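The chain contents come next:
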Amino acid sequence: MNQQLSIQFPNSITVQIKREDLLHPFISGNKFRKLKYNLLQAVAENKKTLLTFGGAYSNHIAAAAYAGKEQGFKTIGIIRGEELRNKISENPTLQFAQDCGMQFKFVTREAYRHKTEDVFLENLKQEFGDFYLVPEGGTNEFAIKGCEEILTLEDAQFDFICCAVGTGGTISGLINSILPHQKVLGFPALKGDFLKEDIRKFARNQNWELITDYHFGGYGKVNPELIAFINQFFEENKIPLDPIYTGKMVFGVMDLIQKNYFPENSKILLIHTGGLQGIAGMNIKLKNKHLPTIAIDV
């Protein structure tokens, strides 16, 4: 569903937001798209267990746990940070995943860096037996295929397609499905330019660009300006934004509009990739730092 924003923009620019966050109550947004064909492949391979990776407040961990429960898979989450082992009840994301039946293995940050290496994966097979591996963030060829279905015929009217970028899967799917007159703008949630190479592995055209000025200090980092923006945006449009991904992207697009980045009469589509489950965890962190919180009940 595309929703027109109530904000009046200069230069006859129009902005709509595609509410991918409404696809499923628990397997939200791009996670729904990324898991769709991975789950079908797991069934085709006759796998009974899904194993994947994530951090303390990972949208992917929450989505994979619920998808496993819904589809009848056993789920295993390899979680970054051994210190989280005894803090599950303090963490809304991990508590939700555990309630869905996910089994956890907590590893050090150092060990987690080796998660794609053969020796690391072989040790996991020795420990847990046969499983279907879903990469961190869900990004692989099956995820790209799912994300290629985000855009529909009604989206042909737009000149710019904007999305947040984590592991590069969602933007790759969008790039592969745009029309020749369209351009995809990605807003990384992480510092650095390294994502370009990951995206190039999957992207089948050059009509895209990464805007790297709106990460707010890096992955998981926020400040009072971003929180105030998210709260005001919700008040004006009744659309909740998460602070890790979509909130930063929408902030960036609004800022670029004011800076005349977009040509006159541009039609812009924002992709809401979900991730709202992370708000509860972020608010705990903000309260502990005596900072303003996100005024959205999800």
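Details of the structure are given in the entry above.
Nothing here was measured: the structure is a model prediction, and the numbers come from that model. (Residues numbered from 1 in each chain as written. Predicted model: local features only at pLDDT ≥ 70, side-chain atom pairs only at ≥ 80, totals over all residues. Heavy atoms only, no water.)

Regarding the sheet that holds strand 1 (residues 2–4)
The strand order 1-2-10-7-8-9 describes an open sheet built from six strands, whose pairing is mixed. Two strands close off the open sheet at either side, each with one partner strand: strand 1 and strand 9 (208–210). Across the sheet, the axes of successive neighbouring strands diverge by a mean angle of 25°, strand direction being ignored. Where strand 2 (residues 14–19) and strand 10 (residues 267–272) come together, six bridges link them in parallel fashion. Note on strand 10: the bridge partner recorded for isoleucine 17 is leucine 270. (Pairing = 2+ DSSP bridges. Helix = DSSP H or I, 4+ residues; strand = E, 2+ residues; numbered from the N terminus. Axes fitted to C-alpha atoms, helices over the stretch in contact; angles between N-to-C directions.)

Some remarks on the pairing of strand 5 (residues 103–107)
Where strand 4 (residues 74–80) lies against strand 5, five bridges are found, and the strand directions are parallel. Paired with arginine 80 across the bridge in strand 5 is valine 107. In this fold, the crossover linking strand 4 to strand 5 by way of helix 3 (residues 92–99) has right-handed handedness. (Right-handed = clockwise from strand over helix to strand, strands pointing away.)

Thoughts on the packing of helix 9 (residues 224–237) against helix 10 (residues 246–258)
As a packed pair, helix 9 and helix 10 sit with axes 10 Å apart at the nearest point and diverge in direction by 85°. With respect to their mutual orientation, helix 9 and helix 10 come out roughly perpendicular. Mapping the contact onto sequence places Glu225, Leu226, Phe229, Ile230 and Phe233 in helix 9 and Gly247, Lys248, Val250, Phe251 and Met254 in helix 10. When grouped by side-chain class, the residues that make up the contact of helix 9 with helix 10 number seven nonpolar, one polar and two charged. (Parallel < 35°, antiparallel > 145°, perpendicular 65-115°, else oblique. Contact = heavy atoms within 4.5 Å. Nonpolar A, V, L, I, M, F, W, Y, C, P; charged D, E, K, R; others polar.)

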